[in-house]
Amino acid sequence: MITLASDFGSPYPAAMKGVLLERTDSATRLVDLTHELPRGDVRSSAFWLREILPYVPPAIHLVVVDPGVGTDRRAIVVNAGDHRLVGPDNGVLLPVARRLVGNAEQHSDIESADDPAADVEAYVVDESALETPVPTGGKAEAAGSTTFHGRDVFAPIAAALEETSQSLETLPWLSPLSEPIDCRLPTAATDGDTADATVLAVDDFGNVITNVPGRFLEGVDRVLVDDERVPVGETFASVERGEPVALVGSHGYVELDVNDGRGSEAFGLFVDEHVTLERLESP
Amino acid sequence: MITLASDFGSPYPAAMKGVLLERTDSATRLVDLTHELPRGDVRSSAFWLREILPYVPPAIHLVVVDPGVGTDRRAIVVNAGDHRLVGPDNGVLLPVARRLVGNAEQHSDIESADDPAADVEAYVVDESALETPVPTGGKAEAAGSTTFHGRDVFAPIAAALEETSQSLETLPWLSPLSEPIDCRLPTAATDGDTADATVLAVDDFGNVITNVPGRFLEGVDRVLVDDERVPVGETFASVERGEPVALVGSHGYVELDVNDGRGSEAFGLFVDEHVTLERLESP
Amino acid sequence: MITLASDFGSPYPAAMKGVLLERTDSATRLVDLTHELPRGDVRSSAFWLREILPYVPPAIHLVVVDPGVGTDRRAIVVNAGDHRLVGPDNGVLLPVARRLVGNAEQHSDIESADDPAADVEAYVVDESALETPVPTGGKAEAAGSTTFHGRDVFAPIAAALEETSQSLETLPWLSPLSEPIDCRLPTAATDGDTADATVLAVDDFGNVITNVPGRFLEGVDRVLVDDERVPVGETFASVERGEPVALVGSHGYVELDVNDGRGSEAFGLFVDEHVTLERLESP
């Protein structure tokens, strides 16, 4: 099985999928996870991958969020438990890789938004050993682009991994990489009843996902979000339609949402921005 | 086969799909129908499902349009002919379920926009009997969210149905539900040459789909839409580009469209709004 | 294998996919390529198909970009090498068909943006010989629409081709068509250091894809785009974030891009528009 995740939108995933179909057995399962990762945003994409891939069975995960495409940034393969991740060496693969090799005990404390360093094995790919896709009736010049490595580099790597039964250590076109570029998700600074938070992501519904662990909301029914008093709820529908609510979202963090509305717009908060949360005693 | 339909956009369908992959046989077919149902709009989503699923072979249909997620609204399974529908008990499954158990004769009269009551069997799900998905390396706190039942409740139900050969009546975690919450699509009030219509949906092209049966347009070449005279056509191209046209759409209802443009904007009509149509004698 | 490409957005592909599932063997692979082709834009869609399908293994390719749906434009099947294309007779299938039967030598000169005429075999479909999809519990009136031939005409054709082992010449519902409607991609007029270009497409990243062959940029590090001096780069990251760059894109043509921004907006250039490029001597 090969899963696909990118920030490509449409139609670029089509050619990438074509290369996978061309180079794998006809019984190989291809699963589009998303092609709407935050465009060119390595850290927020890393957050999403970390929240998605742990629910997916072991597979080869082709990940392309690659603002440095065509530069000297390397193509890497990361081994994480039974999962293999393929993508650029820009940090996007690391948070999810750490999560995949972790275990529930290690993470029972989520004061830290990121996972501890763990036995993630990374390999750098010798791209010259891979055959570049040549389209049917194609112009020689179109092969091996500098701007579409999803099609020309990463899909060939994923297909080659899918088709081989060799272990990563023995593949001649992989070399161990001791220090892949990392990307750490920022940890909220909490001090008693106050948290200095960062927005990790804004989802498609406009929900603002902070890096404050959900337990921060325990025992209070109201929080101060910067200067705004916001009720704490269990669900979106804990408040009237159009009203703001702070709740523990599906990722385990404090979210700032609006019932049937867009929290991001209501709070004026976007990815990477800072926000202060304060627990308010019940009146 | 499990089909997926939701109002999630991206990337939430990915985690839901992961749970399905994790819990079903590797040969199980998963089919993304759409994840762009009208967000949080139960009735308009119900319309779309009713127009889509009758074209799909019998399957387990996972449907998540769930503005009440996390409240005490129940998770249900609806048996409709050879199809099984899984989703929230908010009415979104009922119009399509009635359609799936209906037959062409019953519906040859579409004066009513909705289908007659029919033998739809519904079951309420005992969620406590289902195993909540726990992600690899996951934080205990992230399991069993109040805001993402697509991943934590509905996908597990769909997977369990796919994997069992038992009939619904014998599954210990299902109990018959005599009155699932219903959602009726509004019927247009027609009085001779006049119809008091409601907009059931606006499609991606901006076409305004009313609840007026297509036969309303028979024998006239012009209608009055509120105060605007609009030609009746057979196709979009019956009028010049940019011009409005009333036609019988692919759902059998009167649509208000613009050739190569957006009817919704041209007519100023959106979902759930009312509009009056009047048949005009040929000049 | 059947691939799907359309300008439908969502949710119309769902019903089309339902018809394919209903009418093909359960082991048939269905691959969504894209449903975001430029809406109603035959020429730009033809460009994208030509850049995508040569990377996809031989298959039946269902293509629906059909602004003339319901008029007397015909449904056709085009045989191109081992690929079979199904769609409307409006030219959208021809550029990719020519490409698929071409070969690298023929195309090593890409001065022409389009491919030479080639042995593309086209057939017109006798639609009356096809069974129109009738939905479960469906209203008779809904069958055989004038506005949704993706569901009612093209999907049935694709499914019938997938299910037959007969050659196209022997299928009774196909007749040879000597002159399918063509669509030629415009060729840039180049005169030494100047190119009079047309925008073939704007991609999801906002990159402006012209019809000027990439070699035009060889040996210069700056071009004049209408009146603006723009650096020539190898990659997006050749310039600072937010800065414009001209480069050879993944299709082999000169692209006008912005690093981490939208070239289309920065240059004010959209599909089909003209732009003049001039090679500037290094200062």
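Residues numbered from 1 in each chain as written. Chains lettered and ligands numbered in written order. Predicted model: local features only at pLDDT ≥ 70, side-chain atom pairs only at ≥ 80, totals over all residues. Heavy atoms only, no water.

A. Representation of the overall build of chain A within the structure. The helix and strand inventory of chain A stands at five helices and 15 strands. Relative to the globule expectation of 19 Å for 283 residues, the C-alpha radius of gyration of chain A, 21 Å, shows essentially globular dimensions. Taking the principal axes of the C-alpha coordinates as reference, chain A spans close to 70 × 35 × 35 Å. Looking at chain A as a whole, 60% of its 283 residues qualify as buried. For chain A, the share of sequence-separated contacts (at least 6 apart) that also reach a separation of at least 24 residues comes to 67%. Just so you have it, chain A exposes about 10,300 Å², and 45% of that area is on carbon and sulfur atoms. Here chain A carries 20 positive and 49 negative side-chain charges, and the mean point of each set is 3 Å from the other. (Helix = DSSP H or I, 4+ residues; strand = E, 2+ residues; numbered from the N terminus. Rg over C-alpha atoms; globule rule 2.2 N^0.38 Å. Buried < 20%, exposed > 50% of the residue type's maximum accessible area, 1.4 Å probe, protein only. Contact = heavy atoms within 4.5 Å. Areas by Shrake-Rupley, 256 points an atom, 1.4 Å probe, with all protein chains shown as cover. Lys, Arg positive; Asp, Glu negative; His and termini not counted. Charge placed at Lys NZ, Arg CZ, Asp CG, Glu CD.)

B. Spatial organisation of the relation of the copies chain C and chain B. Each copy superposes on the other: chain C lies on chain B with an RMSD of 0.0 Å after a rotation of 120° and an axial shift of 0.0 Å. The superposition of one copy onto the other is thereby described by a three-fold rotation axis. (Least-squares fit on C-alpha atoms with pLDDT ≥ 70 in both.)

C. How the structure looks around the interface of chain C and chain B. If you look at the interface, chain C gives 35 residues, while chain B gives 40 residues. Together chain C and chain B conceal approximately 3,200 Å² of surface at their shared face, both sides included; 57% is due to carbon and sulfur atoms. The interface formed by chain C and chain B holds one salt bridge in total. In this structure, the salt-bridge partner of Arg39 of chain C is Asp204 of chain B, at a minimum N-O distance of 3.6 Å. With eight residues, helix H1 (residues 12–23) of chain C is the largest single contributor of residues to the side of chain C that touches chain B. (Buried area = accessible area lost by both parts, 1.4 Å probe. Salt bridge = Lys/Arg side-chain N within 4 Å of Asp/Glu carboxyl O.)

D. Representation of the pairing of strand E12 (residues 228–231) of chain B within the structure. All names here are of chain B. Pairing analysis gives four bridges linking strand E11 (residues 222–225) to E12, with the strands arranged antiparallel. What sits directly across from Leu224, in E12, is Arg229. Between E11 and the antiparallel strand that follows it, E12, lie two residues; Asp226 among them carries a positive phi value of about 50°. (Pairing = 2+ DSSP bridges.)

E. Summary view of the interface of chain A and chain B. Opposite the 40 residues of chain A that make contact, chain B presents 35 residues. Carbon and sulfur atoms supply 57% of the area that chain A and chain B bury against each other, a total of about 3,200 Å² over both sides. At the junction of chain A and chain B, the tally comes to one salt bridge. Elements represented by at least two residues in the side of chain A that touches chain B include exactly strand E2 (30–34), helix H2 (42–52), helix H3 (94–101) and strand E13 (244–248) of chain A.

F. Representation of the nonpolar core in the model. In terms of nonpolar packing, the biggest core is built from 68 residues, with Leu20, Leu62, Val77, Val86, Ile157 and Leu161 of chain A touching the most fellow members. With residues up to four places along the chain from it excluded, the contact list for Leu20 of chain A reads Ile2, Leu4, Leu30, Leu62, Ala155, Ala158 and Ala159 of chain A. (Core = buried A, V, L, I, M, F, W, Y, C linked by side-chain atoms within 4.5 Å.)

G. Layout of the sheet that holds strand E1 (residues 2–6) of chain C. Residue and element names in this part refer to chain C. The sheet built from seven strands is open, its strands ordered E2-E1-E3-E5-E4-E6-E7 with mixed pairing. Edge positions in the sheet fall to strand E2 (30–34) and strand E7 (174–177), since each has one partner strand and no second. Across this sheet, the average inter-strand angle for adjacent strands is 25°, counted without regard to direction. Relative to strand E6 (residues 121–125), strand E4 (residues 75–80) runs antiparallel, the two being bridged by four bridges. Its bridge partner being in E6, Asn79 is matched across the sheet by Glu121. (Axes fitted to C-alpha atoms, helices over the stretch in contact; angles between N-to-C directions.)

H. Quick peek at the packing of aromatic side chains. This structure, assessed with the given rule, holds 21 aromatic pairs over all chains. Ring geometry for Tyr12 of chain B against Phe148 of chain B: centres 5.1 Å apart, planes inclined by 70°, an arrangement best described as edge-to-face. Taken as a pair, Tyr12 of chain B in helix H1 (residues 12–23) and Phe148 of chain B in the loop between strand E6 (121–125) and helix H4 (149–163) lie far apart in primary sequence, 136 residues in all. Tyr12 of chain B sits in the buried class, given a relative accessible area of 8%. Given the relative accessible area of 4%, Phe148 of chain B is considered buried. Among the aromatic residues, those joined into a ring-pair cluster are Phe8, Tyr12 and Phe148 of chain A together with Phe47, Trp48, Phe205 and Tyr253 of chain C. (Phe/Tyr/Trp six-rings, centres within 6.5 Å; stacked < 30°, edge-to-face > 60°.)

I. Just the environment of His83 of chain B, in detail. Among the structural elements, His83 of chain B can be located in strand E5 (residues 83–88). Taking the C-alpha atoms as reference points, His83 of chain B and Val56 of chain B, separated by 27 residues in sequence, lie 9.4 Å from one another. For His83 of chain B, the residues in contact, after removing those within four places along its chain, are Leu53, Val56, Pro57, Pro58, Ala59, His61, Val78 and Leu100 of chain B together with Thr136 of chain C.

J. Here's a closer look at the sheet that holds strand E6 (residues 121–125) of chain A. Residues and elements named next belong to chain A. Pairing is mixed in the open sheet, where seven strands are placed in the order E2-E1-E3-E5-E4-E6-E7. With one partner strand each, in any of the chains shown, E2 and strand E7 (174–177) form the two edges of the open sheet. Averaged over all adjacent pairs, the angle separating strand axes in this sheet is 25°, with direction ignored. Direction of pairing for strand E4 (residues 75–80) relative to strand E5 (residues 83–88): antiparallel, over a ladder of six bridges. Bridged to Asn79 within E5 is Arg84. Contacting strand E1 (2–6), E2 and strand E3 (60–64), helix H1 (residues 12–23) runs over the sheet at an angle of about 160° to E1.

K. Molecular detail of helix H3 (residues 94–101) of chain C. Residues and elements named next belong to chain C. For H3, the buried fraction is high: seven of the eight residues fall into the buried class. Buried within H3 are the following residues: Leu94, Pro95, Val96, Ala97, Arg98, Arg99 and Leu100. Residues of H3 that are buried in the fold lie against helix H2 (42–52), E4 and strand E5 (83–88).

L. The packing of H1 of chain B against H4 of chain B, seen in detail. Residues and elements named next belong to chain B. Following both chains from N to C, one finds H1 and H4 inclined at 30°, their axes separated by 9 Å at the closest point. Viewed along their axes, H1 and H4 adopt a mutual orientation that is roughly parallel. Relative to H4, H1 is oriented so that their crossing is right-handed. Contact with H1, carried on its side by Ala15, Met16, Val19, Leu20 and Arg23, involves Gly150, Arg151, Ala155, Pro156, Ala158, Ala159 and Glu163 of H4 and no other residues of that element. Across the contact of H1 with H4, the residue classes break down as eight nonpolar, one polar and three charged. (Parallel < 35°, antiparallel > 145°, perpendicular 65-115°, else oblique. Left-handed = near helix turned anticlockwise from the far one by under 90°. Nonpolar A, V, L, I, M, F, W, Y, C, P; charged D, E, K, R; others polar.)

M. Spatial organisation of the side chain of Thr210 of chain C. Residue and element names in this part refer to chain C. Summarising the element assignment, Thr210 is placed in strand E10 (residues 208–213). Assessed through its relative accessible area of 0%, Thr210 is described here as buried. At 3.1 Å, the side chain of Thr210 forms a polar contact with the backbone nitrogen of Val212. When residues no more than four places from it in sequence are discounted, the contact partners of Thr210 are Ala197, Thr198, Val199, Leu200, Tyr253, Val254, Leu256 and Val275. (Polar contact = N/O pair within 3.5 Å; in protein donor to acceptor, adjacent residues only side chain to side chain.)

N. How the structure looks around the pairing of E10 of chain C. Residues and elements named next belong to chain C. In terms of burial, E10 is a largely internal element, six of the six residues being buried. Of the two faces of E10, both are covered, the one formed by Val208, Thr210 and Val212 as well as the one formed by Ile209, Asn211 and Pro213. When strand E9 (residues 194–202) meets E10, the two strands line up antiparallel, connected through three bridges. Bridge pairing in E10 places Val202 opposite Val208. In this structure, the hairpin formed by E9 and E10 is closed by a connection of five residues, where Gly206 is found at a positive phi of approximately 90°. Looking at chain direction, E10 and strand E14 (residues 253–258) are connected through three bridges and run antiparallel. Note that in E14 the partner of Pro213 across the bridge is Tyr253.

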